[in-house]
There are 2 protein chains.
Amino acid sequence: MPKGYHGKILLVDLNTGTLTVDERDEAFYRKYVGGSALGAYYLLKNTPPHADPLGAENTLVLSLSVITGSPVPGQSRMTATAKSPFTGAIGDSQSGGFFPAEMKFAGFDAIVVTGKAEKPVYLWLHDGEAELRPAEHLWGKTTDTVEDIIKEELGDKRVQIAQCGPAAEKGVRFAGIITMTSRANGRTGMGTVMASKNLKAVAVRGRKRPEIADKKAAIALAKWGSDHFPESDIYGMGLHGTAEVLRYQHKLGGLATKNWMSGVFDGWEAIDGETMTETILKERDTCFACPVRCKRVVEITEGPYIVDPKFGGPEYETLATFGAYCGIDDLAAVAYANQICAQYGMDTISCGATIAWAMDAFEHGYITTADTGGIELRFGNAAAMVQMTEMIAKREGFGDVLAEGSARAAEKIGGGAEDLVVAVKKQELPAHTPHLKRSLGLIYAVNPFGADHQSSEHDPSYGNYPEKMAELGLTDPQPPTVLNAEKVKYALYTEYLYSYLDTVNLCQFVFGPSWHLYSPHHIVDAVRAVTGWNVTMWEIMKVGERRLNMLRAFNAREGFTREDDKLPKKLSQAFVGGRTDGVAISPEEIENAKDIYYAMAGWTNDGIPTPWKLAELGLEWIEI
Amino acid sequence: MPKGYHGKILLVDLNTGTLTVDERDEAFYRKYVGGSALGAYYLLKNTPPHADPLGAENTLVLSLSVITGSPVPGQSRMTATAKSPFTGAIGDSQSGGFFPAEMKFAGFDAIVVTGKAEKPVYLWLHDGEAELRPAEHLWGKTTDTVEDIIKEELGDKRVQIAQCGPAAEKGVRFAGIITMTSRANGRTGMGTVMASKNLKAVAVRGRKRPEIADKKAAIALAKWGSDHFPESDIYGMGLHGTAEVLRYQHKLGGLATKNWMSGVFDGWEAIDGETMTETILKERDTCFACPVRCKRVVEITEGPYIVDPKFGGPEYETLATFGAYCGIDDLAAVAYANQICAQYGMDTISCGATIAWAMDAFEHGYITTADTGGIELRFGNAAAMVQMTEMIAKREGFGDVLAEGSARAAEKIGGGAEDLVVAVKKQELPAHTPHLKRSLGLIYAVNPFGADHQSSEHDPSYGNYPEKMAELGLTDPQPPTVLNAEKVKYALYTEYLYSYLDTVNLCQFVFGPSWHLYSPHHIVDAVRAVTGWNVTMWEIMKVGERRLNMLRAFNAREGFTREDDKLPKKLSQAFVGGRTDGVAISPEEIENAKDIYYAMAGWTNDGIPTPWKLAELGLEWIEI
């Protein structure tokens, strides 16, 4: 068995309750590595085209990688993969924390869940053993309660738990999988799939560390990271969390405000990372073996919004979507909405963005108090935002409509409300505006699982490329507002790299190439140290390309085409105010970039991988 | 200036006799690196489409690279680039020895020669200085005499000299550039171009070693090579020269015999590397800083063929083409023919193969003694072969016809003689038969400068891939006689790597991935050590792809299309005898593989780089 792996992939058939171990050879692990590629592999193999994402035919994969649980920082991450009930395309989401490393120590590389249990169950993995246990007593309970009960009944406080929350049980389309009551595989509705299978939770605990080929090298690489952290660009993110970027986004005119009407938010300072540090921050948390400690733990003990530190604290995306998107500058309200999402298990981006859309529609008169049950769903109304978040989690009242996400809600409401949706493939845009980093606009349009800000390196809004981009053959920076062939190349190359990061499950803050801690060549060093394989950056990029093509091929099988790769209308309306005043992105620009992107990717002009591209990547077995 | 380079590219305008230095920035060197890519760059920039390859408009580039002259073994190589008078396509050829390192020490990274001198001149580079000197007294003289005269007049025995020989002056289409009277940029007629410019020689001498970023790492890598050499697969090549492979080729049925009638040669043992070691070998020679010492020095002091050690000794290709191709098992005769080629400056492959073709045509009656002036040009007639080699060098009698190469000679003779030609783009096939390594057949067909055996890794005829091929993402070996998508991928990926090797000018025996000394990841280590750049295998492969696309784009500009990428008819006729008895390669197989290859390469189905592929590689400036 290759170093770094157990060679044990747990197959869970919930139709029959059978657990088996799939043992794969070294060639399989070298080809599919782990994470997203491994998840896509099992999804493509097990789930037929046009399967109901909430039916027994869907496959949910929770996958680690070779690096998970090793001493390398940024490695404790897990990918969730399934057909998405939110987008109808492939679903794919990553999380950090301590669960992934603990799952590795429990003795497994991945869990592949098929079928549907008759009654709620949870999965218990410990030291190479696996069992399904009844979970009827956990059904309907919030994440904190479920944590307490499972730890109690397993008699071990150090058990790590991944679970779907009550929101997922209710079928909220953007429900995530929650670990540690504070981390989430948030996007694409992976929690919703988990709940649809009656799988309430996965609990893990163990001491089975896989063998590492060159432990000394792995530790030296970790030490390099710790040593260089204080002078690295990511140091600020350690101090103030991901929210550190909020002030820069505002200054850049890149902080999407009032449902993407503007790129600047007057109330930015109230919800900024530094403000959070100075006010409600209780402590800094981290992922297994990471020196960055970007994770926030906040506490509010008085006022209308009491926030418990066990739910962590808001990330930048959460502050932006519940805050700026909604025109809300009330940090406590945002932190409270974040807590609801952690407690009930929802993606904060889609939740906040859907409410922002509803506010926009309300301001336009497309939604009225008759719809909302009397709630004045206006920009800036923090109480309404919090109330709506709870109602979505429970699918109560108008929350039942919004629980479908903005695209489906707009379809229901119809008329001009549809033009206000800011989503791709029905998934709401995260809080990085592509106006001054146009490659991101292209990636939003083409990404297989809907708009995503962590599937490529954003092209720099200011100045030059960092020197380390040359390691990927990127040496020719372009102005912020162009989207030419060089920008498309930038998008595609960095997409391959990020695709690999989501396959080897390495944190993009720690290993992403530009303003972060390590350089791309360190990824090679890390994988070499753990596996002993002489991997090269070529092999790495080709694995990333393979994973991207697997996702794209899955979508093509489902009938997705070029038509689905488009930005929402709102982005062609100019931003108002600030540095990006008057800046918009035209559909023609994206269509032109798609021509180039598809050609460079080796796909048809309809965005579908050609048989020869699939063959090149060893994916000739996928039938589109 | 980047480490490893001088940053000085000498521009020689022979129309005016002006010498200028082109200073390029670091980005230029990182993008084009050196060798073949750098040569193609200046050729594409300077020479307009459809220029006469023997006219003043052609550009001849002699280029080194970052690694040249460093302590890394296999680095003392030089690329010659120009439009080829032999193929009409791009010309590209590499040589080793001591000239390349010495040219680096003379203070230059490359020489770009344009125009044509009124009278013969030679170029003298020393310690960063350059001058043109008269060479009328050298014109018409053989390589050994020219060496003696130049060294004498420069007063330094350690001057290194590259020159075109009398054959080039006479316009033999496959005349090479000779260094040390024993090494050659043999193929594609680069010597013919040099002579057409009235540039007789380039003499170099100096002590300007460029700075190396991490000398310790470079020396450690060299030491690793020396340490591992004795147990490496290349050890035998050190003992018996490249001719070591001759016996294996015969056993495999891969030793092209009697103008590619058969893959086995009864007389193989007489011309084998071990036989040479035991009989005429005087000593083993080497290239600068290389431990392999594969270069032969032979001596014959009696009999009809007196061979002087100053002309080195025959390589495998020479033994195969003058030997097996011609059905000749007379080692002395072959060594003598090799000496003529070194003395007059001709490519041994095309010379031997053209004579073999003529013998085949003679046996068929298409050529008669009326053509040859009475010579019985039959297979096995060693004396006729030697005589014809001399006549070609001097363009005397029937030699004047054969000096045009087999394709042009066949056109002239017409009839069935054309079907006997074994060439692609008019360049004769080297002595590696693709019958049991089909990816090579494809590469023969598509290679921009005609059939070449050093533009990709040959797929293994026996057994599995060496483990190190996984470093290039190649893990799925296929049977010898298939040419499916996986084989095409193998051809393309290894073509990128070899394309890089010919750009960074590293020896393929030392750094080629499969049965040789170092592994691909060592190439990364070597370039990093010298430059200090954190190059990755991705960057390396993309440089290789860039160079391949530059060559391909040059050809497209000249009007080359898919039609020019085809194997000669003879290869579709089955071999007779031995392990490959009955084995042939059908045109359909190659056409099918081209469809796949072009698609994988990002080219049109006519084999032309698309604008987006050029843009991806930063070559949008090339107009096709």
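Going along each chain's sequence as written, the residues are numbered from 1 onward. Just so you know, chain letters begin at A and ligand numbers begin at 1, following the order they were written in. Two thresholds apply to this predicted model, a pLDDT of at least 70 for residue-level local features and 80 or more for giving and counting side-chain atom pairs, whereas whole-chain, interface and lining totals are computed over all residues. Heavy atoms from the whole structure form the basis of all side-chain values; hydrogens and water molecules are not counted.

(A) Spatial organisation of the sheet that holds strand β7 (residues 121-126) of chain A. All names here are of chain A. Between any two strands, pairing holds if DSSP finds at least two bridges. Helix and strand labels come from DSSP, where a helix needs a run of H or I of at least four residues and a strand needs a run of E of at least two; each type is numbered from the N terminus. Overall, mixed pairing links the 6 strands, which are arranged β8-β7-β12-β9-β10-β11 in an open sheet. The open sheet has two free edges, formed respectively by β8 (129-134) and β11 (183-185), since each of these has just one partner strand. Ignoring which end each strand starts from, the neighbouring axes of this sheet average 20 degrees apart. Looking at chain direction, strand β10 (residues 177-179) and β11 are connected through 3 bridges and run antiparallel. Bridging from a neighbouring strand, Ile178 pairs with Ala184 of β11. Only heavy atoms enter the contact rule, under which two residues are in contact if any of them lie within 4.5 Å. Only C-alpha atoms enter the line fits that serve as axes; for helices the fit covers just the stretch in contact. Angles between N-to-C directions range over 0 to 180 degrees. Running at roughly 135 degrees to strand β9 (residues 160-164), helix α4 (residues 143-154) makes contact with β7, β8, β9, β10 and β12 (199-205) of the sheet.

(B) Focus on the packing of helix α19 (residues 485-504) of chain A against helix α23 (residues 587-601) of chain A. Residue and element names in this part refer to chain A. Two numbers describe how α19 lies on α23: the axes approach to 9 Å, and their chain directions differ by 50 degrees. Accordingly, the angle class assigned to the pair α19 and α23 is oblique. Here the hand of the crossing between α19 and α23 comes out right-handed. Only Ala593, Ile596, Tyr597, Met600 and Ala601 of α23 make contact with α19, whose side of the interface consists of Ala485, Val488, Lys489, Leu492, Glu495 and Tyr496. Here the residues of the contact of α19 with α23 sort into 9 nonpolar, no polar and 2 charged. Should an angle lie under 35 degrees it is considered roughly parallel, over 145 roughly antiparallel, and from 65 to 115 roughly perpendicular; all remaining angles are considered oblique. By convention the crossing between two helices is left-handed if the near helix lies anticlockwise of the far one by an angle smaller than a right angle, and right-handed if it lies clockwise. For this classification, Asp, Glu, Lys and Arg are treated as charged, while Ala, Val, Leu, Ile, Met, Phe, Trp, Tyr, Cys and Pro are nonpolar and the rest, including Gly, are polar.

(C) Looking closely at the domain arrangement of chain A. Residues and elements named next belong to chain A. An automatic or database domain assignment supplies the residue ranges for each domain. Along its sequence, chain A is carved into domain 1 (8-205), domain 2 (239-427) and domain 3 (438-616). One C-alpha centre belongs to domain 1, the other to domain 3, and the line joining them spans 27 Å. Across the boundary between the two partners, domain 1 contributes 40 residues, which contact 31 residues of domain 3. A simple way to read buried area is as the amount of 1.4 Å-probe accessible surface that goes missing from two parts once joined, with both sides added. Between domain 1 and domain 3 lies a buried interface of about 3100 Å² when both sides are counted; carbon and sulfur atoms form 64% of it. Three residues, Arg30, Leu44 and Ile90, lead the burial of domain 1 against domain 3; their summed loss comes to 21% of the area buried on that side. For salt bridges, the criterion is a side-chain nitrogen of Lys or Arg within 4 Å of an Asp or Glu carboxyl oxygen. The salt bridge partner of Glu558 is Lys83, with a shortest N-O separation of 2.6 Å.

(D) Local environment of the interface of chain B and chain A. Contacts between the two partners involve 23 residues from chain B, matched on the other side by 24 residues from chain A. Summing the contributions of chain B and of chain A, the shared interface buries around 2700 Å²; its carbon and sulfur component is 65%. Among the residues chain B hides against chain A, the three largest losses belong to Trp538, Trp612 and Glu616 of chain B. Together they make up 28% of the total. Across the contact surface, chain B and chain A share 0 salt bridges. Here a polar contact is taken to be a pair of N or O atoms separated by no more than 3.5 Å, where protein atoms must pair a possible hydrogen donor with a possible acceptor and residues adjacent in sequence count only if both atoms sit in side chains. At the junction of chain B and chain A, the tally comes to 8 residue pairs in polar contact (both at pLDDT 80 or more). Counting residues per element, the ones that place at least two in the side of chain B that touches chain A are α19 (485-504), α21 (520-531), α22 (537-557), α23 (587-601) and α24 (611-616) of chain B. Of the residues forming the side of chain B that touches chain A, the biggest block, 5 residues, is contributed by α22 of chain B. A per-class count over the side of chain B that touches chain A returns 13 nonpolar, 3 polar and 7 charged.

(E) Quick peek at the packing of helix α13 (residues 348-364) of chain B against helix α15 (residues 382-394) of chain B. Residue and element names in this part refer to chain B. In the contact formed by α13 and α15, the axes pass within 10 Å of each other and the chain directions differ by 120 degrees. With respect to α15, the axis of α13 lies oblique. The handedness of the crossing between α13 and α15 is right-handed. Note on element contacts: α15 touches α13 through Met385, Met388, Thr389 and Ile392, opposite Cys351, Ile355 and Met359. Of the residues belonging to the contact of α13 with α15, the class tally is 6 nonpolar, 1 polar and no charged.

(F) Just the nonpolar core, in detail. Grouping buried Ala, Val, Leu, Ile, Met, Phe, Trp, Tyr and Cys residues that are joined through side-chain atoms within 4.5 Å yields what is termed a nonpolar core. For each residue, the accessible area found with a 1.4 Å probe, counting protein chains only, is set against the maximum for its type, and the residue is called buried under 20%, exposed over 50%, and partly exposed in between. Core analysis: the largest hydrophobic core is formed by 397 residues, its most contacted members being Trp357 and Met385 of chain A together with Trp357 and Met385 of chain B. In contact with Trp357 of chain B, not counting residues within four places along its chain, are Asn259, Ile367, Leu402, Ser406, Ala409, Ala410, Ile413, Ala417, Leu420 and Val421 of chain B.

(G) Here's a closer look at the relation of the copies chain B and chain A. We superpose the copies by least squares over the C-alpha atoms of residues that have a pLDDT of at least 70 in both of them. With an RMSD of 0.0 Å, the operation that places chain B on chain A is a rotation of 180 degrees combined with a shift of 0.0 Å along the axis. In the structure described here, the two chain copies are related by an operation that fits a two-fold rotation axis. Distance from the rotation axis, computed per C-alpha, reaches its smallest value in chain B at Trp538 of chain B: 2.1 Å. In this assembly the copies share their binding face: 100% of the residues contributing to the interface of chain B also contribute to that of chain A.

(H) Expanded view of helix α15 (residues 382-394) of chain A. Residues and elements named next belong to chain A. For a helix, the expected span equals 1.5 Å multiplied by the residue count minus one. When the terminal C-alpha atoms of α15 are compared, their 19 Å separation across 13 residues agrees well with the 18 Å that a helix rising 1.5 Å per residue should span. Looking only at α15, the buried set comprises Ala382, Ala384, Met385, Val386, Met388, Thr389, Met391, Ile392 and Ala393. Lining the buried residues of α15 we find α5 (166-169), α11 (316-323), α12 (331-344), α13 (348-363) and α16 (399-402). The backbone nitrogen of Ala383 lies 3.3 Å from a side-chain oxygen of the residue at the head of α15, namely Asn381. Phi turns positive, to about 50 degrees, at Arg395, one or two residues after α15.

(I) Spotlight on the sheet that holds strand β4 (residues 78-83) of chain B. Residues and elements named next belong to chain B. An order of β2-β1-β6-β3-β4-β5 is seen for the 6 strands of this open sheet, with the pairing classed as mixed. At either margin of the open sheet sits one strand with a lone partner, and together these are β2 (18-22) and β5 (90-95). Averaged over neighbouring strand pairs, the angle between their axes works out to 15 degrees when direction is ignored. In this structure, strand β1 (residues 9-13) lies alongside strand β6 (residues 110-114), joined through 5 bridges in parallel fashion. Paired with Asp13 across the strands is Thr114, a residue of β6. Relative to β4, helix α2 (residues 35-46) is tilted by about 25 degrees, and along the sheet it contacts β1, β2, β3 (60-63), β4, β5 and β6.

(J) View of the packing of aromatic side chains. Note on ring pairs: Phe, Tyr and Trp rings are taken, using the six-membered ring of Trp, and paired if centres are within 6.5 Å. Classes follow the plane angle, with under 30 degrees stacked, over 60 edge-to-face and the rest tilted. Counted by the stated rule, this structure contains 49 aromatic pairs over all chains. Note on Phe28 of chain A and Tyr42 of chain A: the rings are 6.4 Å apart at their centroids and 65 degrees apart in plane angle, and the pair reads as edge-to-face. Taken together, the residues Phe28 of chain A in helix α1 (residues 26-32) and Tyr42 of chain A in helix α2 (residues 35-46) connect sequence positions 14 residues apart. Throughout this description, the term charge over a ring refers to an Arg CZ or Lys NZ atom that lies within 6 Å of the ring centre and within 35 degrees of the ring normal. Taking NZ or CZ as reference, Arg24 of chain B lies 4.5 Å from the ring centre of Phe28 of chain B, over its face. Across the ring face of Trp139 of chain B, the terminal group of Lys200 of chain B is positioned such that the distance to the ring centre comes to 5.7 Å.

(K) Structural context of the environment of Ala195 of chain B. All names here are of chain B. Positionally, Ala195 belongs in helix α6 (residues 190-196). On the basis of relative accessibility, which here comes to 6%, the residue Ala195 falls in the buried class. For Ala195 and His432, which are 237 residues apart along the polypeptide, the C-alpha to C-alpha distance reads 30 Å.

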